[in-house]
Structure formats: C-alpha cells, structure tokens
Amino acid sequence: MAKTASTPGGSGKASGAQKEKDAPPPPPEPLRVPVADSHTHLDMQPGTVEEALAKAASVGVTTVVQVGCDLAGSRWAAETAAAHESVWATVALHPNEAPRIVLGDPDGWSRQGARQPGGDAALDAALDQIAALAALPQVRGVGETGLDYFRTGPEGMAAQERSFRRHIAIAKEHGKALVIHDREAHDDVLRVLAEEGAPDTVVFHCYSGDAAMAKICAERGYYMSFAGNVTFKNAQPLRDALAVAPLDLVLVETDAPFLTPVPYRGRPNAPYLIPLTLRAMAEVKDVPEDTLATAVAANTARVFGY
C-alpha cells in the first residue's frame with residue numbers, strides 16, 4: 001500500500017512525488033517487430049485484461065503469457081487464456097506457496113488468506129489440481145515453480161523441493177514447458193533438474209544467475225528470460241549473463257507489475273513496457289533491435305508452442 005504524505009493542513013493527500021511514483025509510465029516507442037511478454041501477472045495489475053492487451057499491442061507486444069502462482073491464480077490464468085486469443089497460460093504453485101500449504105499461513109500473506117497447516121497431503125491434493133489444469137490446451141507451461149531461498153527459510157525447503165519435483169513430472173507428462181523461479185537457489189535448482197530429468201523445454205524466468213550459470217544453461221538447452229532488472233545499475237552480472245546467452249535461447253518478460261525497467265524503476269510495470277527492456281538487451285547483445293526482436297519472437301513461440 002502506497003504511503004501518503006500529510007499536507008500542512010493535515011489532509012493526508014498523496015504528495016506530487018507519490019502520485020508520480022504510482023502513475024503508469026508513458027508508452028515507449030513501438031517495436032517494429034512484434035514480440036511476446038513471456039511472463040506477466042495481469043491479475044496483479046490495475047485495469048482490465050482488455051485494456052492491458054490493447055496497450056501492449058499498440059507498442060508491438062502482441063502476445064502475453066499469463067503465469068499462475070497458486071490454485072486461484074492458475075485457474076484465472078487458464079480462464080483468461082481461453083477467453084483471449086493473444087494470451088497463453090502457465091499454471092503452478094509458486095515455490096513460496098508450497099510451504100504455506102504444508103506448514104500453514106497464519107498471517108494470510110498470500111491471496112488465500114490465513115490457512116492452517118495441511119501437511120504433504122494438502123500439497124499433493126493441490127498439485128493434482130495443477131496437473132488437471134496443465135492438461136488444458138490453452139495452458140502452455142507449468143510454472144512458475146522452482147526454489148526460493150530468499151523468502152522461505154530452511155523449514156520450508158522440503159515442501160518446495162517436493163513441489164518442484166512434482167511440477168517437473170507434470171510438465172513432462174503433458175509435454176509443456178517448465179517455467180522456473182530460481183531465487184538464491186541456483187545449485188539446487190540445477191541439481192533437482194538433473195536428478196529428475198528435465199522436460200524438453202525449460203525456461204529460467206527472470207534469469208538471476210551469472211555468466212557461468214548462463215553457460216551451463218546454454219549447454220543444457222535451457223532458455224533464459226530476462227526482465228526489467230537487467231537495466232538496473234547494480235545488475236552487471238545479469239548483463240554479463242545475457243552477453244554470453246545464445247540468441248536462440250533468450251526471451252524477454254516483464255514479470256509485471258514487478259521489476260519495471262529503467263528509467264521508471266519503482267513505478268508500475270505492465271506488458272506495454274517490454275520495448276524498454278528489449279532495447280536495453282539489444283545493446284548488451286550488440287545486435288540491432290529488430291534482430292533481437294525477431295529471435296525473441298521465434299523463441300517464445302517455440303517454447304510455448306503457439
């Protein structure tokens with residue numbers, strides 16, 4: 001929730017600076033070659049789906065992949081993809097959702113509200129529902145799944161890994177792309193993929209590894225999707241990774257409403273801001289904007305089978 005600054009009269013109205021921070025950035029110059037936003041959360045963004053899609057299409061972002069993070073969000077993703085020709089869906093329990101199901105969520109941090117511990121049985125039941133959604137034709141990926149050691153401590157690691165392994169199996173069962181959330185867990189994510197046997201198509205969403213890991217991903221044919229944080233001043237390791245990532249394994253995403261690219265960092269993100277990230281990526285790759293857009297468009301279509 002945005003903070004407000006009190007005026008001398010005590011009205012509590014938002015300051016001009018706060019209003020600017022909350023305001024959507026202006027649309028960038030349109031891309032000449034249309035691309036897809038490979039990872040977004042329309043259900044967490046203001047306005048209607050139709051408005052978001054129209055605004056994105058106006059700047060050359062003609063396809064979006066709506067990503068599920070819990071049961072409710074995964075159902076919504078599947079329904080939204082069924083209703084809109086330019087939307088495809090992925091479904092999953094986010095790595096941080098699995099421990100909440102198993103251990104409980106007394107603070108109600110997630111969108112389901114406060115929950116009691118359900119144990120492994122509850123997690124398995126939820127994963128069965130994800131598996132059913134993954135069979136739908138408009139669902140083209142299983143994710144975001146993986147491991148997150150930033151928000152979940154040691155007590156939640158077993159639940160995360162159990163969930164991750166099952167998501168890998170679901171992706172392989174239905175022939176869908178596996179979309180990975182990897183936060184401060186690089187070695188274990190790669191280990192579990194190797195132990196389970198990776199699906200044919202693996203995407204590291206919001207790629208967060210270094211150049212050495214990018215080379216490992218390239219060797220294994222894993223796709224790397226870069227978000228707005230690749231433009232951040234302190235993100236040189238991400239740019240180094242992008243520089244060595246093969247052009248045919250690179251995607252672009254917003255992860256909106258998060259990770260708004262420079263120069264609008266801190267303001268709301270949305271699919272229509274993809275051109276800012278793609279242009280920054282083209283500079284890092286030292287290729288023309290149209291060349292990168294053409295590659296990204298083909299890669300995303302190949303990953304999600306549309």
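Residues numbered from 1 in each chain as written. Predicted model: local features only at pLDDT ≥ 70, side-chain atom pairs only at ≥ 80, totals over all residues. Heavy atoms only, no water.

Chemist: Explain the packing of helix α5 (residues 119-134) against helix α6 (residues 157-174) to me, and be specific about the residues and the numbers.
Modeler: Where α5 meets α6, the axes come as close as 10 Å, and the angle between the chain directions of the two elements is 25°. Looking at the two axes, α5 sits roughly parallel to α6. With respect to the hand of their crossing, α5 and α6 are arranged in right-handed fashion. Contacts between α5 and α6 involve Asp 120, Leu 123, Asp 124, Leu 127, Asp 128, Ile 130, Ala 131 and Ala 134 on the former and, on the latter, Ala 159, Arg 162, Ser 163, Arg 166, His 167, Ile 170 and His 174. In terms of residue class, the contact of α5 with α6 is made up of seven nonpolar, three polar and five charged. (Axes fitted to C-alpha atoms, helices over the stretch in contact; angles between N-to-C directions. Helix = DSSP H or I, 4+ residues; strand = E, 2+ residues; numbered from the N terminus. Parallel < 35°, antiparallel > 145°, perpendicular 65-115°, else oblique. Left-handed = near helix turned anticlockwise from the far one by under 90°. Contact = heavy atoms within 4.5 Å. Nonpolar A, V, L, I, M, F, W, Y, C, P; charged D, E, K, R; others polar.)

Chemist: Hey, could you go over the packing of aromatic side chains for me, with residue numbers and the actual values?
Modeler: Considering all chains together, one arrives at three aromatic pairs under this definition. Summarising the aromatic geometry, the rings of Trp 88 and Tyr 306 are spaced 5.9 Å apart at their centres and angled 15° between planes, so their arrangement reads as stacked. With Trp 88 in strand β3 (residues 87-91) and Tyr 306 in the segment after α11 (289-304), the pair connects residues that are 218 residues apart, well separated along the chain. Residue Trp 88 is classed as buried on the basis of its relative accessible area of 18%. Ring geometry for Phe 204 and Tyr 222: centres 5.9 Å apart, planes at 35°, overall tilted. Pair noted here: Phe 204 is in strand β6 (residues 202-204) and Tyr 222 is in the loop between α8 (211-220) and β7 (223-226), with a separation of 18 residues, a long-range link. The exposure class assigned to Phe 204 is buried, which follows from its relative accessible area of 2%. Against the face of Tyr 272 rests Lys 55, its NZ or CZ located 4.1 Å from the ring centre. Of note, Arg 183 hangs over the ring of Phe 150, and the distance from its end group to the ring centre comes to 3.6 Å. (Phe/Tyr/Trp six-rings, centres within 6.5 Å; stacked < 30°, edge-to-face > 60°. Buried < 20%, exposed > 50% of the residue type's maximum accessible area, 1.4 Å probe, protein only. Lys NZ or Arg CZ within 6 Å of the ring centre and 35° of its normal.)

Chemist: An account of the nonpolar core is requested, with residue identities and associated values reported.
Modeler: Among the nonpolar cores identified, the biggest contains 82 residues, and Phe 164, Leu 178, Leu 193, Phe 204 and Tyr 207 are the most heavily contacted of them. Of all the elements, α5 adds the most residues to this core, at seven residues. Setting aside anything within four residues of it in sequence, one finds Phe 164 in contact with Thr 145, Gly 146, Leu 147, Leu 178, Ile 180, Val 189, Val 192 and Leu 193. (Core = buried A, V, L, I, M, F, W, Y, C linked by side-chain atoms within 4.5 Å.)

Chemist: Can you lay out the environment of His 205 for me, pointing to particular residues and giving the numbers?
Modeler: Along the chain, His 205 falls in the loop between β6 and α8. Note: C-alpha distance between His 205 and Gly 68 (137 residues apart in sequence) is 13 Å. Not counting residues within four places of it along the chain, the set of residues in contact with His 205 comprises His 39, Glu 144, Val 179, Ile 180, His 181, Ser 225, Glu 253 and Asp 255.

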